[in-house]
Amino acid sequence: MKNIELDKIEQLPGRQLKKEDKFYFRCCPEVKCFNLCCRNLNLFLYPYDVIRLKTCLGITSDCFLEKYVDIVLRHGNYFPEVLLSMSENKEKTCPFLTDKGCSVYTDRPDTCRTFPVEHGLKFDSSGRKTEMLHFFKPPDFCLGQYEDQEWSLETWTNDQEAELYNKMTSQWAEVKNLFQNNPWKNEGTEGPRAKMSFMAVYNIDKFREFVFQSSFLKRYKIKNDFKKKIKKSDVQLLKLGFDWIKFYLWGIKPELFKSS
Ligand code: SF4
Ligand code: SF4
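Residues numbered from 1 in each chain as written. Chains lettered and ligands numbered in written order. Predicted model: local features only at pLDDT ≥ 70, side-chain atom pairs only at ≥ 80, totals over all residues. Heavy atoms only, no water.

(A) Examining the nonpolar core more closely. Among the nonpolar cores identified, the biggest contains 50 residues, and Phe64, Leu84, Phe207, Leu240 and Trp244 are the most heavily contacted of them. Elements represented by at least two residues in this core include exactly helix 1 (47-57), helix 2 (61-68), strand 5 (81-84), helix 5 (163-178), helix 6 (192-202), helix 7 (204-213), helix 9 (224-232) and helix 10 (234-250). With eight residues, the top contributor of residues to this core is helix 10. When residues of this core are assigned to domains, at least three fall in each of domain 1 (2-162) and domain 2 (185-250). By size, the runner-up hydrophobic cluster in this structure holds nine residues, among which are Phe23, Phe25, Cys142 and Leu153. (Core = buried A, V, L, I, M, F, W, Y, C linked by side-chain atoms within 4.5 Å. Buried < 20%, exposed > 50% of the residue type's maximum accessible area, 1.4 Å probe, protein only. Helix = DSSP H or I, 4+ residues; strand = E, 2+ residues; numbered from the N terminus. Domains from an automatic or database assignment.)

(B) Structural view of the site of ligand 2. Close to ligand 2 lie Cys38, Leu41, Leu43, Cys94, Phe96, Leu97, Cys102, Pro109 and Cys112. Of the residues assigned to the shell around ligand 2, the class counts are nine nonpolar, no polar and no charged. (Near = heavy atom within 4 Å. Nonpolar A, V, L, I, M, F, W, Y, C, P; charged D, E, K, R; others polar.)

(C) Region of interest: helix 2. Those residues of helix 2 not exposed but buried are Ser61, Phe64, Leu65 and Tyr68. Along the axis of helix 2, the buried residues cluster in a sector spanning 105°; they form a single face. Of the exposed residues in helix 2, those oriented more than 90 degrees away from the buried face are Glu66 and Lys67. (Arc of directions from axis to C-beta.)

(D) Quick peek at the domain arrangement of the chain. Entries for the chain in the domain assignment read domain 1 (2-162) and domain 2 (185-250). Each of domain 1 and domain 2 was reduced to a C-alpha centroid, and the two centroids are 26 Å apart. Between domain 1 and domain 2, the contact holds 18 residues from the first and 13 residues from the second. When the two sides are added together, the surface that domain 1 and domain 2 hide from each other amounts to roughly 1300 Å², 71% of it contributed by carbon and sulfur. Summed over the three residues of domain 1 that lose the most area to domain 2, namely Pro47, Ile51 and Phe79, the buried surface amounts to 39% of that side. Counting across the domain 1 and domain 2 interface gives three salt bridges. The shortest N-O distance in the salt bridge between Asp62 and Lys206 comes to 4.0 Å. Viewed at the interface, domain 2 and domain 1 are joined by seven residue pairs in polar contact (both at pLDDT 80 or more). Those elements that provide at least two residues to the side of domain 1 that touches domain 2 are helix 1 and helix 2. (Contact = heavy atoms within 4.5 Å. Buried area = accessible area lost by both parts, 1.4 Å probe. Salt bridge = Lys/Arg side-chain N within 4 Å of Asp/Glu carboxyl O. Polar contact = N/O pair within 3.5 Å; in protein donor to acceptor, adjacent residues only side chain to side chain.)

Encoded structure:
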């Protein structure tokens, strides 16, 4: 998901899709390009992707990050990107690619799920999210775009079971947008606050330990009904992670904190 400045929309590649627009696409093992798109990728993983993948693989988030990702801090950015590491073979295939297709299909990342549609979030000058934009953008080699199956954004999202993914990624994009300003000051991007913030959204098992085994719940008064939810659900805990970062770094008090 890209964060888009208002005056750059026309310059973006791909065909912009509005709610009522249709596009044609079909992917299946019979297409000649089958699996070609699952190699040599800059595949960004968002926090909810990591939860789904580590659960699917039956490993901890710590172990997933250790084994499957590259963490990259781009010049001028204040929060790193997390990319799925490609295999070290000639074709740099995705580590989850098999001859039969994707081995984590039911839990594949948001980008794979939504492909060949890409999303972007439009922000106004005060940094408020105003709209989600969608672009039909298959690569030239993708033969699925010449098939005759018709979709709208809604039918495609439903078919790919992408609604929760899109929602969680959009919530993360809002937080990420705040990182246009340097929150770390002299501490830098390797400092303790940066490490804690990364953990809160990307390393959910460590964040769970931190929330329940430190003085976190004494320091931050969280509404009781939400406390029950975060005990049971990684997704709810991730929502706490998003809100906690906003409060911890920028003092934005979230709804789920009790008023003092
Ligand atoms: S390139 Fe397109 S049609 Fe071919 S496998 Fe990938 S998504 Fe399917
Ligand atoms: S996760 Fe699955 S769909 Fe995505 S690139 Fe890897 S093999 Fe392909």
